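Each chain is listed here by its residues.
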Amino acid sequence: MADITIYLNDQAVRVEAGISVAAALAIHGSAVTRYSVTGTARAPLCGMGVCQECRTTINGMQHQLACQTPCVEGMRVERCEVAQ
């Protein structure tokens, strides 16, 4: 597949089209998707959407599952700073 550009916390990065957002985060330095209300870093655990640990903001929509969302051109991913 071809490479595409997505934005991780406003930083443009190149990834293979169709990989999961969770994989893109891991490839580009950190699998952390959000921080709990106590400040603990959270990241994908089950990889199939059951645990909900990979929730992040994608294209302005909070609580999207990074492990279940494929990367598409121009996608904007932001870490959720506090669980809501």
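Residues numbered from 1 in each chain as written. Predicted model: local features only at pLDDT ≥ 70, side-chain atom pairs only at ≥ 80, totals over all residues. Heavy atoms only, no water.

Draft legend 1. Expanded view of the packing of aromatic side chains. Counted by the stated rule, this structure contains zero aromatic pairs. Across the ring face of Tyr7, the terminal group of Arg76 is positioned such that the distance to the ring centre comes to 4.2 Å. (Phe/Tyr/Trp six-rings, centres within 6.5 Å; stacked < 30°, edge-to-face > 60°. Lys NZ or Arg CZ within 6 Å of the ring centre and 35° of its normal.)

Draft legend 2. Summary view of the side chain of Thr56. With respect to the helices and strands, the residue Thr56 is situated in strand S5 (residues 55–58). By relative accessible area, which is 0% here, Thr56 ends up buried. From its side chain, Thr56 meets the backbone oxygen of Thr33 in a polar contact 3.4 Å long. (Helix = DSSP H or I, 4+ residues; strand = E, 2+ residues; numbered from the N terminus. Buried < 20%, exposed > 50% of the residue type's maximum accessible area, 1.4 Å probe, protein only. Polar contact = N/O pair within 3.5 Å; in protein donor to acceptor, adjacent residues only side chain to side chain.)

Draft legend 3. Fine view of the pairing of strand S6 (residues 61–65). By the bridge criterion, three bridges tie S5 to S6 in an arrangement that is antiparallel. What sits directly across from Ile58, in S6, is Met61. The loop that links S5 with its antiparallel partner S6 comprises two residues; one of these, Asn59, has a positive phi angle of about 50 degrees. (Pairing = 2+ DSSP bridges.)

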